[in-house]
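Inside the fold
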Amino acid sequence: MPIYGADSMMRHYTAKMKRYIDRDSCLNNFYSMDIYGISVFADSVSKKNGNPEYKINWSELSIYKNMMNSLPRDEAKQEMLRKGNKPFLPMFIKQHSLPIEYLKPRPTPQLPLKGIRIAIDPGHIASDTAMGRIEDKYLLFKTVSGKDSIVISIAEGILTWKTANALAIVLRSEGAEVLMTRKKPDLTAFGKTYNQWKKDDFKRTLDSLLKTDPTNVKLKKIKSGKIHDENSIFRYVFRDSELRKRAELINEFKPDLSVIIHFNVDEKNKPWDHASPKNYCMTFIPGSFQKNELTDSEKRFDFLRLLLLDDIENSLVIAGLTALEFKSELEVPLAKLPDATYLNDHCIDAGLPGVFCRNLSLTRLIQGTVVFGETLYQDNINECIALNRKVPFTAEGKQSITGNERLDEVAEAYNKAILLWAKSRQ
């Protein structure tokens, strides 16, 4: 028998699916929803045969939420796979019948973020332009400022780490407990440099990837030595495994908020060997699954989590505040869907200025409230000059943490948004 209120629950989650998750209405083969609950299937054949991989009845929803908020991610996934089409066992229901209550220190006027745990992820890994080239996240060209010709040399990983470090220092001074996924400018999320990772972990990681995906042509050619350039090793072996490590570190920390820091470029200006007139800011939150993006069990697990938990709704609040602070503090317009091909082709307008649902690795893998920031275009004709300018002091005469006035402003925009978000939770 369906539970009381099942009709309204079905309507609510159906509307949420269309609003934030199923971008092109192309996921019907992977789920069904009715007055009894929701089922997630591996493929259309499994759906036709009524054999769900994951299933939650509306009567089990509170147990599911409590489990997801208390168990480590991998354990929760295994529990859901074991459950399959069956109800939760009585002992499991007893164990997760009540949500876990955390007693946290309360904020004060002097420490407005006391008791709040914040994870910060400085995007990419480059600490110099050589690594930036391997990542394909660097700019190198000449431009003109007044009568002077200026060499622009930017690696995004340097910008993100300086901004994240400055933000972490400020947040800690405001009482927050902060995790940085990269502890130093030249370190990866593995706690070692990229070159050290290659020496220690490359072969093992490659073998592991091939075991999971034995028909992958790129991986097989890297294994055989037919492909051996650094860009390919980085892209096909290192990158995704390191992103997963970032998500693992963050999920183990169980933050109240995760902040992912990136800087953008004009996509149509590649290979970024000259300046562009374009400049936008934007933020991303989870959602916007597309065709062929539910092809493995883990992605379907996260699909169900994002539908049934409040991670998208909670992320929307901080993402909206962050976008507005970007616009105010940096005086850069917020992007709309037509302003970039990837926005128009892969994102859902989340309903707040400059905020988009996008199924990125980290917006999907990180559990809880998350904002993925993409501030300003590094190759913008004015921004590239400002980002190259070194200053020992801020405009207010304080010592600059980043050594760059523009990066100080970016860090301050994040900080202001986080303070507003924290106040809204009280």
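These notes cover the structure that comes with them. Bear in mind the structure is a predicted one, so any value in this text is a computation, not a measurement. (Residues numbered from 1 in each chain as written. Predicted model: local features only at pLDDT ≥ 70, side-chain atom pairs only at ≥ 80, totals over all residues. Heavy atoms only, no water.)

With that settled, the discussion passes to the sheet that holds strand β8 (residues 257–264). Sheet strands line up and pair through hydrogen bonds in the backbone, either parallel or antiparallel. Spatially, seven strands are ordered β7-β4-β8-β12-β9-β11-β10 in an open sheet, and the strand pairing comes out mixed. With partners counted over all chains shown, the strands left at the sheet margins are β7 (177–180) and β10 (348–349), one partner each. Bridging between strand β4 (residues 117–122) and β7 involves four bridges; their strand directions are parallel. If you follow I120 over to β7, its bridge partner there is M180. This element, helix α12 (residues 311–330), spans β8, β9 (282–285), β11 (355–357) and β12 (370–377) of the sheet and lies at about 25° to β12. Lying on the sheet, helix α16 (residues 405–424) is in contact with β4, β8 and β12; it crosses β8 at an angle near 150°. (Pairing = 2+ DSSP bridges. Helix = DSSP H or I, 4+ residues; strand = E, 2+ residues; numbered from the N terminus. Contact = heavy atoms within 4.5 Å. Axes fitted to C-alpha atoms, helices over the stretch in contact; angles between N-to-C directions.)

All right, on to the packing of aromatic side chains then. Applying the stated criterion to the full structure yields 16 aromatic pairs. Taken together, a centroid distance of 4.9 Å and an interplanar angle of 15° make the contact between F88 and F92 stacked. Aromatic pair W197 and F202: ring centres 6.1 Å apart, planes at 65°, arrangement edge-to-face. Residues W197 and F202 agree in their burial class; the two are buried. Three or more aromatic residues joined by ring pairs form one cluster here, namely F190, Y194, W197, F202, F234 and F238. Looking at K83, its charged tip hangs above the ring of F88, at a distance of 5.0 Å from the centre. In this structure, R358 packs its charged tip against the face of F284, placed 5.2 Å from the ring centre. (Phe/Tyr/Trp six-rings, centres within 6.5 Å; stacked < 30°, edge-to-face > 60°. Buried < 20%, exposed > 50% of the residue type's maximum accessible area, 1.4 Å probe, protein only. Lys NZ or Arg CZ within 6 Å of the ring centre and 35° of its normal.)

With that out of the way, let us pick up the side chain of Q378. Along the chain, the position of Q378 falls in the loop between β12 and α15 (383–388). Separated by 3.3 Å, the side chain of Q378 and the backbone oxygen of F263 make a polar contact. Setting aside anything within four residues of it in sequence, one finds Q378 in contact with L139, I154, E156, L159, F263, N264, V265, E383, C384 and L387. (Polar contact = N/O pair within 3.5 Å; in protein donor to acceptor, adjacent residues only side chain to side chain.)

Time to look at the pairing of strand β6 (residues 148–155). Taken together, the eight bridges between strand β5 (residues 138–145) and β6 define a ladder with antiparallel strand orientation. Note on β6: the bridge partner recorded for Y138 is A155. Turn length for the β5-β6 hairpin, with the two strands adjacent in sequence and antiparallel, is two residues, and the turn residue G146 shows positive phi of about 65°.

A separate point is helix α3 (residues 61–70). The buried fraction of α3 amounts to seven of the 10 residues, a majority that puts the element mostly inside the structure. Within α3, the full set of buried residues consists of L61, I63, Y64, N66, M67, M68 and S70. Contacts from the buried residues of α3 go to α1 (6–21), β3 (54–57), α4 (73–83), α5 (90–95) and α11 (297–308).

With that settled, the discussion passes to the environment of E313. Mapped onto the secondary structure, E313 falls in helix α12. For E313, a relative accessible area of 25% corresponds to the partly exposed category. Looking at E313, its side chain comes within polar contact range of the side chain of K16, at 3.1 Å.

Now for the pattern of salt bridges. In this structure the tally under the stated criterion is 27 salt bridges. The partner of R406 in a salt bridge is E409, and the shortest N-O contact between them spans 2.7 Å. With R406 and E409 both in helix α16 and three residues apart, the pair spans about one turn of that helix. Take E409: its relative accessible area is 23%, and that puts it in the partly exposed class. What emerges from the salt-bridge pattern is a single network uniting R73, R244, E298, D302, R305 and D311. (Salt bridge = Lys/Arg side-chain N within 4 Å of Asp/Glu carboxyl O.)

Now for unusual backbone geometry. Between K270 and P271 the backbone carries a cis peptide bond, its omega angle lying at 15°. Among the structural elements, P271 can be located in the loop between β8 and β9. Unusually for a residue other than glycine, S25 sits at a positive phi of about 50°. Position of S25 among the secondary structure elements: in the loop between α1 and β1 (31–33). Residue classification places S25 among the exposed positions, given a relative accessible area of 54%.

This next bit is on a positive patch on the surface. Where like charges cluster on the molecular surface, the positive patch consists of K218, K221, K226 and R235. You can see R235 is positioned in helix α10 (residues 230–253). Judged by relative accessible area, which is 46%, R235 ranks as partly exposed. (Patch = residues over 30% accessible without salt bridge, like charges linked within 9 Å, V, L, I, M, F, W, Y side chains within 5 Å. Areas by Shrake-Rupley, 256 points an atom, 1.4 Å probe, with all protein chains shown as cover. Lys, Arg positive; Asp, Glu negative; His and termini not counted. Charge placed at Lys NZ, Arg CZ, Asp CG, Glu CD.)

Sheet architecture is open: three strands sit in the order β1-β2-β3, paired in antiparallel fashion. At either margin of the open sheet sits one strand with a lone partner, and together these are β1 and β3. Going from strand to strand, the sheet's axes swing by 5° on average, the running direction of each strand aside. As defined by bridge partners, β1 adjoins strand β2 (residues 37–40) across three bridges and the pair is classed as antiparallel. Across the sheet, residue S32 finds its bridge partner in β2, namely S39.

Moving on: the state of the cysteines. If you walk through the whole model with that rule in mind, you get zero disulfides. In this structure C281 is not part of a disulfide, and its nearest cysteine sulfur, from C384, lies 15 Å away. Not part of a disulfide, C357 finds its nearest cysteine sulfur in C347, a span of 8.4 Å. Looking at C357, the relative accessible area reads 0%, which means it is buried. (Disulfide = S-S within 2.5 Å.)

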